[in-house]
Every structure is written in C-alpha cells, then in structure tokens.
Amino acid sequence: MTHLTFAFFQFLSDKACEGCSKNTVQDYYTKIERFVKFAGVELLISDLTVDLCKQYALSLRSELDNTVSVQSYIRPLRAFLNWLYSNEYIYVDICSKFRLPKAYKPIIDVLTDAEISRIYECFPNDANVLHLRNKVILSLMLDCGLRLDEVVTAKRAALHLRERYLIVTGKGNKQRMVAFG
C-alpha cells in the first residue's frame, strides 16, 4: 500500500528529472502539498477519489479570491493525478471526472498613450547612465510586452541591434525572439 505522500515526492523527482525548472518544481510542490494536507498525509493512494478532489476544489473556492487562483491550484493537481494514472498508482482516470472550474477572465486594461507619456516624464532628461538604462528597460517592456525578469536576465549576446530583435528566456525556461522598434 502506497501513501499519497510517497507518490507526491516521486512525482516531484520525475518532474525534476524531466527538466522542469526549479521554479516549476517548487510550484508543483507548493500547490500539490496543499492538497496532500487537505487529503491527509497518511492517505493511501487507493483511497483517492473523485469526490475528495471535488471537495478540495470547493474548499479552494471558499478560501481563495477568484476562480483563476483556484485554477492555479487545480492544474498542478490534475498533472499529479494524470501522473498517478499513467504510472499505474491508480487505475481510475480521476481527471476525466475532475475538471477545471470555469474562470472569469477580466479584460486587461492597457495603458493609454497619455499614461505612457506620464510614466516617461518621471525620468529626468539627463545623460545619467542609470536613468537611460531604466528608460530602456521600460521601453523594452512596453514595446515588446516583456516581463521584468525577461528584461533583467537578458544577455548582451541575445541583443541584435541591427536586426532589431532580442532573444529572451521566459517562464518555463522557454526562449523566444521579440522584435523592438
């Protein structure tokens, strides 16, 4: 008889071996650990049910602010459940009966040209290297839709000024080319 906790750590090891980033493995740990605590660390995998997973989803809905947050906990759990099924820890495909809750997706309010101008006005108009660097960081983020981490971790060798593109490494250690003006 295998405990859920044992399988959970096997899952994390597999994800690390598959090449998932440390942040991804940490996210799996954080999100699935919450389920393991909810279910009980001594729970046997054979006692894992669809109803238990649904009860967990309902408890998340009552504790978290919105359905997007609930989804951020359910997705890793579903990955774990699929892993349990594909590795024959469980013989019932729980995920086929345990779906993600529908999420409310608000429209993202983008900055207007006037708002962007006001942001640029916050920078002094001098030749200070730090001020120029900060303007470039802001410009890259606005022009290319980059995350702050993507800009500050970009390597000089990834910058192609003549061709006007930059290679950035984003979430999940995925690289992409972004053009800039």
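Preceding this section is the structure that the text describes.
Calculation notes
Residues numbered from 1 in each chain as written. Predicted model: local features only at pLDDT ≥ 70, side-chain atom pairs only at ≥ 80, totals over all residues. Heavy atoms only, no water. Phe/Tyr/Trp six-rings, centres within 6.5 Å; stacked < 30°, edge-to-face > 60°. Helix = DSSP H or I, 4+ residues; strand = E, 2+ residues; numbered from the N terminus. Buried < 20%, exposed > 50% of the residue type's maximum accessible area, 1.4 Å probe, protein only. Axes fitted to C-alpha atoms, helices over the stretch in contact; angles between N-to-C directions. Parallel < 35°, antiparallel > 145°, perpendicular 65-115°, else oblique. Left-handed = near helix turned anticlockwise from the far one by under 90°. Contact = heavy atoms within 4.5 Å. Salt bridge = Lys/Arg side-chain N within 4 Å of Asp/Glu carboxyl O. Pairing = 2+ DSSP bridges. Polar contact = N/O pair within 3.5 Å; in protein donor to acceptor, adjacent residues only side chain to side chain.

Caption draft 1: Focus on the packing of aromatic side chains. Scanning the entire structure with this criterion turns up 11 aromatic pairs. On the numbers, 5.7 Å between centres and 20 degrees between planes, the contact of Phe8 with Tyr29 is stacked. Here Tyr29 lies in helix α2 (residues 22-39) and Phe8 lies in helix α1 (residues 4-17), a separation of 21 residues in the sequence. Here Tyr29 falls in the partly exposed class, since its relative accessible area comes to 27%. Considering the side-chain rings of Phe11 and Trp83, the 5.7 Å spacing of their centres and the 70 degrees angle between planes classify their relative orientation as edge-to-face. Residue Phe11 is found in helix α1, and its partner Trp83 is found in helix α4 (residues 67-86); the two are separated by 72 residues along the sequence.

Caption draft 2: Region of the structure containing the packing of α2 against helix α3 (residues 50-63). At a minimum axis separation of 11 Å, α2 and α3 run at an interaxial angle of 115 degrees. Of the possible angle classes, the one that applies to α2 and α3 is roughly perpendicular. When the axes of α2 and α3 are compared, the crossing they make is right-handed. Contacts between α2 and α3 pair Lys31, Arg34, Phe35, Phe38 and Ala39 from the former with Leu52, Cys53, Gln55, Tyr56, Ser59, Leu60 and Glu63 from the latter.

Caption draft 3: Spotlight on the pattern of salt bridges. Across all of its chains, the model carries six salt bridges by this definition. A salt bridge links Glu33 to Lys37; the nearest nitrogen and oxygen atoms lie 3.8 Å apart. Residue Glu33 and its partner Lys37 are located together in helix α2, separated by four residues, close to a single helical turn. Judged by relative accessible area, Lys37 falls into the exposed class, the value being 57%. Between Arg176 and Glu150 there is a salt bridge, and its shortest N-O distance comes to 2.8 Å. Residue Arg176 is located in strand β3 (residues 175-179), and its partner Glu150 is located in helix α7 (residues 148-152); the two are separated by 26 residues in the primary sequence. According to the relative accessible area criterion, Arg176 is partly exposed, its value standing at 32%. Relative accessible area serves as the criterion here: at 2%, Glu150 is assigned to the buried category. Each of Arg147, Glu150 and Arg176 takes part in one network of salt bridges that share partners.

Caption draft 4: Spatial organisation of the sheet that holds strand β1 (residues 159-160). With respect to topology, three strands assemble into an open sheet ordered β1-β2-β3, the strand pairing being antiparallel. Only two strands of the sheet have a single neighbouring strand rather than two, namely β1 and β3. Bridge analysis of strand β2 (residues 165-169) against β3 gives five bridges, and the strand direction is antiparallel. Residue Leu166 lies in a different strand from β3, and its bridge partner there is Val178.

Caption draft 5: Quick look at unusual backbone geometry. Of note in this structure, Glu88 is not a glycine but carries a positive phi near 60 degrees. Its place among the elements puts Glu88 in the loop between α4 and α5 (113-121). Its identity as a non-glycine residue notwithstanding, Arg164 has a phi of 60 degrees, on the positive side. With respect to the helices and strands, the residue Arg164 is situated in the loop between β1 and β2. Assessed through its relative accessible area of 45%, Arg164 is described here as partly exposed.

Caption draft 6: Here's a closer look at the environment of Thr24. Note on placement: Thr24 falls in helix α2. Sequence-wise, Thr24 and Asp14 are 10 residues apart; in three dimensions their C-alpha atoms are separated by 12 Å. A polar contact is formed between the side chain of Thr24 and the side chain of Ser21, at a distance of 3.0 Å.

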